[in-house]
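Topology and contacts: notes
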Amino acid sequence: MNFALILFVLLLVTAVIKLIDKVVLKPRRTEKYGEEQEAYRPWWVEYSISFFPVILFVFVLRSFVVEPFRIPSGSMLPTLQDGDMILVNKFNYGIRLPIVDQKIIPLGNPEKGDVVVFRYPVNTDIDYIKRIVGVPGDTVAYVGKRLFINGTPVETTALGPYVNPSQQAGNPLKLQEKIGDASYETLNMPGAGAYLSGRQFPFSQNCEYAGTDFKCTVPEGHYFVMGDNRDNSEDSRYWGFVPDNYLVGKAFFVWMNFGDLGRIGSIK
């Protein structure tokens, strides 16, 4: 369900009814009932006029400022947990026209290490959340379960075992990664990674696969994303690059988790 489209339609309908009432219906009521004309305003006009400013506020806020999302899986553990309710900054990367997602005012570009919400390239009706590890022109490789960017291994520090039986089975190792100014934690399960060879997607010719390892050069206007839960994340390794116009915004705050109020806070 495209909530933005529903909001836009409701906004358009209430605005048209409000305009028709002001131009056509209200003068007729005033002529017939005088000062008491508002008491004879139809219920559908009454509701439209009342809800118009509320719908307008929500539409503008959600389209241009901030949008809430709920994390549905553990692919971003340990950074984000299933059940986290997050806020996404809609203007950090530029002002986009709602519905069509066309950028009209560029304000900034995504950086490596940003946690972003985007439309899933395989099915744009679905929103995904991952971390950007490659920007246009970067060569991203994952060899021996170690991340490399432009031939340089990403700074990684082992932090010990990760224990969260309600969110993650097995005994993953928790790691600290650092890309530029971004420092965050990832999970790495012992043993071999997922078999990746033979993947086909737009610009798949930019990628080389060798069993569980890969190397991809990010095309212009696209990004390479990965989940922090490296062995339990369906990401760019499987379905390819994220086009810039598919980006929804940058995740920056966990505002609620009903199972753990201690989760509330900023997102690294």
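A brief report on the enclosed structure follows.

**Remarks on the overall build of the protein**
Looking only at helices and strands, the protein features 3 helices and 18 strands. Relative to a compact globule of 268 residues, whose C-alpha radius of gyration would be 18 Å, the protein shows 24 Å and is clearly more extended. Considering only contacts within the protein whose residues lie at least 6 apart along the sequence, 55% involve residues at least 24 apart. When the accessible surface of the protein is split by element, carbon and sulfur atoms take 59% of a total near 14200 Å². Charge-centre separation for the protein: the mean point of 27 positive side chains lies 1 Å from the mean point of 28 negative side chains.

**Points about the state of the cysteines**
Going through the model one piece at a time under the given rule, you end up with 1 disulfide. Shown here is the disulfide that connects Cys207 with Cys216, its sulfur atoms set 2.1 Å apart. Its S-S torsion of approximately 120 degrees makes the covalent link between Cys207 and Cys216 right-handed.

**Comments concerning helix α1 (residues 3–33)**
At Asp21, α1 shows its strongest bend, of approximately 50 degrees. Tucked into the core, α1 has its buried residues touching α2 (43–65). Of the residues one or two after α1, Gly34 is the one with positive phi, at around 70 degrees.

**Comments concerning the pattern of salt bridges**
Scanning the model with the defined rule gives 15 salt bridges in all. The shortest N-O distance in the salt bridge between Arg263 and Asp84 comes to 2.6 Å. Of this pair, Arg263 sits in the loop between β17 (247–256) and β18 (265–266) while Asp84 sits in the loop between β1 (66–70) and β2 (85–89), and the two are 179 residues apart along the sequence. Neither Arg263 nor Asp84 differs from the other in exposure class; each is buried. Because the salt bridges share partners, they merge into one network encompassing Arg62, Glu67 and Lys90.

**Structural notes on unusual backbone geometry**
Cis geometry marks the peptide bond from Leu77 to Pro78; its omega dihedral reads 0 degrees. Its identity is not glycine, yet Lys145 carries a phi of approximately 60 degrees, on the positive side. Here Lys145 lies in the loop between β7 (139–143) and β8 (146–149). Of note, the phi angle at Phe203 is positive, near 70 degrees, even though the residue is not glycine.

**Some points on empty space enclosed by the protein**
For the structure shown, the criterion picks out 1 cavity of 30 Å³ or more. Lining the largest cavity, in full, are Asn89, Lys90, Asn92, Tyr93, Gly94, Arg96, Leu247, Val248 and Gly249. When grouped by side-chain class, the residues that make up the lining of the largest cavity number 3 nonpolar, 4 polar and 2 charged.

**Considerations on α2**
Taking 1.5 Å as the rise per residue, α2 with 23 residues should run 33 Å; its terminal C-alpha atoms sit 32 Å apart, in good agreement. A maximum bend of about 35 degrees is found in α2 at Phe51, where proline Pro53 lies one to four positions downstream. Along α2, the residues that are buried comprise Val45, Ser48, Ile49, Phe52, Ile55, Phe59, Arg62 and Ser63. Its buried side turned inward, α2 meets α1 and β1.

**Points about the layout of surface pockets**
Taken as a whole, the largest pocket holds about 590 Å³ of empty space. Taken together, 22 residues line the largest pocket, and the ones lying closest to its centre are Asn2, Ala4, Arg62, Arg119 and Asp127. Across the lining of the largest pocket, the residue classes break down as 11 nonpolar, 3 polar and 8 charged. In this structure, the second largest pocket encloses a volume near 270 Å³. Here the lining of the second largest pocket gets 3 residues from one element, more than from any other, and that element is strand β12 (residues 182–188). A class-by-class count of the residues in the lining of the second largest pocket yields 6 nonpolar, 6 polar and 4 charged.

**Considerations on the sheet that holds strand β13 (residues 207–210)**
Spatial ordering of the open sheet is given by β9-β8-β7-β14-β13, a layout of 5 strands whose pairing is antiparallel. Pairing within the sheet leaves two strands with one partner each, and these edge strands are β9 (152–153) and β13. Taken together, the 2 bridges between β8 and β9 define a ladder with antiparallel strand orientation. Across the sheet, residue Phe148 finds its bridge partner in β9, namely Pro153.

Each value, and the rule that gives it
- Residues numbered from 1 in each chain as written.
- Predicted model: local features only at pLDDT ≥ 70, side-chain atom pairs only at ≥ 80, totals over all residues.
- Heavy atoms only, no water.
- Helix = DSSP H or I, 4+ residues; strand = E, 2+ residues; numbered from the N terminus.
- Rg over C-alpha atoms; globule rule 2.2 N^0.38 Å.
- Contact = heavy atoms within 4.5 Å.
- Areas by Shrake-Rupley, 256 points an atom, 1.4 Å probe, with all protein chains shown as cover.
- Lys, Arg positive; Asp, Glu negative; His and termini not counted.
- Charge placed at Lys NZ, Arg CZ, Asp CG, Glu CD.
- Disulfide = S-S within 2.5 Å.
- Bend = angle between axes of the 7 residues up to and from the residue.
- Salt bridge = Lys/Arg side-chain N within 4 Å of Asp/Glu carboxyl O.
- Buried < 20%, exposed > 50% of the residue type's maximum accessible area, 1.4 Å probe, protein only.
- 1 Å grid on protein atoms, 1.4 Å probe; cavity = no way out; pocket = protein on both sides within 12 Å on 5 of 7 lines; lining within 4 Å.
- Points joined across faces, edges and corners; volume = space filled by probe spheres on them.
- Nonpolar A, V, L, I, M, F, W, Y, C, P; charged D, E, K, R; others polar.
- Expected span 1.5 Å × (residues − 1).
- Pairing = 2+ DSSP bridges.

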